[in-house]
Amino acid sequence: MSSPSLTKRPYVLSPEEGDAHWFAGGLMVAKTTGAETQGHFELIDQFLPPNYAAPRHIHRREDEAWWVLEGDATFFCGDGEFEAAPGSFVFLPMGIEHTFKVGPTGARLLTMAAPSGFADF
């Protein structure tokens, strides 16, 4: 029986580094993807304009979490509503419809999804 080859490797990215893409008016900077984590998770640094809102949606296979670095946002999950200021951590489990809306000053959110695959859209 052969063992799988190890493809994960250590690395460091500066604040300016990462694969950056504009999506729906926000700048998404991938800090790590499933390619680097063997599909375990991905981490995206989001720079979002004032009043940015994601459409309500459901993840069937990924849990999603955010760390609010700057600004504020309101998260909606099922019937729940959660206010998140800088330093707040938000976890929303898979299978529940959710969305979020950024406050009037914009926001920077560090977003993690596990397992990976969410960032591929």
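Read on for a plain summary of the structure. Keep in mind that this is a model prediction, so the values were computed, not measured. (Residues numbered from 1 in each chain as written. Predicted model: local features only at pLDDT ≥ 70, side-chain atom pairs only at ≥ 80, totals over all residues. Heavy atoms only, no water.)

## Side note on the pairing of strand β2 (residues 26-32)
Link 1 in the chain: Most of β2 is tucked away, with six of its seven residues classed as buried.
Link 2 in the chain: One ladder, built from five bridges, connects strand β1 (residues 19-23) with β2; its direction is antiparallel. Each bridged residue has a counterpart across the sheet, and for A20 the counterpart in β2 is V29.
Link 3 in the chain: Across five bridges, β2 lies against strand β3 (residues 42-48) in antiparallel orientation. The partner of V29 across the bridge, within β3, is D45. (Buried < 20%, exposed > 50% of the residue type's maximum accessible area, 1.4 Å probe, protein only. Helix = DSSP H or I, 4+ residues; strand = E, 2+ residues; numbered from the N terminus. Pairing = 2+ DSSP bridges.)

## Structural notes on the environment of F100
Link 1 in the chain: Relative to the helices and strands, F100 resides in strand β7 (residues 98-114).
Link 2 in the chain: Owing to a relative accessible area of 6%, F100 belongs among the buried residues under this scheme.
Link 3 in the chain: Taking the C-alpha atoms as reference points, F100 and T74, separated by 26 residues in sequence, lie 5.5 Å from one another.
Link 4 in the chain: Setting aside residues no more than four positions away along its own chain, F100 makes contact with Q46, L48, Y52, A53, A54, W66, T74, F75, F76 and L109. (Contact = heavy atoms within 4.5 Å.)

## Comments concerning the pattern of salt bridges
Link 1 in the chain: Here the structure, examined in full by the defined rule, presents four salt bridges.
Link 2 in the chain: Between D45 and R108 there is a salt bridge, with the nearest N and O atoms lying 2.7 Å from each other. Taken as a pair, D45 in strand β3 and R108 in strand β7 lie far apart in primary sequence, 63 residues in all.
Link 3 in the chain: You can call D45 buried: its relative accessible area is 2%.
Link 4 in the chain: Given the relative accessible area of 21%, R108 is considered partly exposed.
Link 5 in the chain: Of the charged contacts, one joins E70 and R108 as a salt bridge, the two residues approaching to 3.9 Å between their closest N and O atoms. (Salt bridge = Lys/Arg side-chain N within 4 Å of Asp/Glu carboxyl O.)

## Side note on the environment of V12
Link 1 in the chain: Here V12 shows up in the segment before β1.
Link 2 in the chain: Sequence separation between V12 and K31 is 19 residues; the distance between their C-alpha atoms is 9.2 Å.

## Here we look at the side chain of T111
Link 1 in the chain: By the element assignment, T111 lies in strand β7.
Link 2 in the chain: Take T111: its relative accessible area is 2%, and that puts it in the buried class.
Link 3 in the chain: Side chain to side chain, T111 and W66 meet in a polar contact 3.3 Å long.
Link 4 in the chain: In this structure T111 touches E42, L43, I44, Q46, E64, A65 and W66, once residues within four positions along its chain are discounted. (Polar contact = N/O pair within 3.5 Å; in protein donor to acceptor, adjacent residues only side chain to side chain.)

## Examining a nonpolar patch on the surface
Link 1 in the chain: On the surface, W67, L69, F89 and F91 cluster together into a nonpolar patch covering about 430 Å² of accessible area.
Link 2 in the chain: Broken down by secondary-structure element, the contributors of at least two residues to the nonpolar patch are β4 (63-77) and β6 (89-92). (Patch = residues over 30% accessible without salt bridge, like charges linked within 9 Å, V, L, I, M, F, W, Y side chains within 5 Å. Areas by Shrake-Rupley, 256 points an atom, 1.4 Å probe, with all protein chains shown as cover.)

## Remarks on the side chain of K31
Link 1 in the chain: Summarising the element assignment, K31 is placed in strand β2.
Link 2 in the chain: Of the side chains with opposite charge, D45 comes closest to the buried, unpaired K31, at an N-O distance of 4.8 Å.
Link 3 in the chain: Here S14 takes part through its backbone oxygen, which lies 3.2 Å from a polar atom of the side chain of K31. (Lys, Arg positive; Asp, Glu negative; His and termini not counted.)

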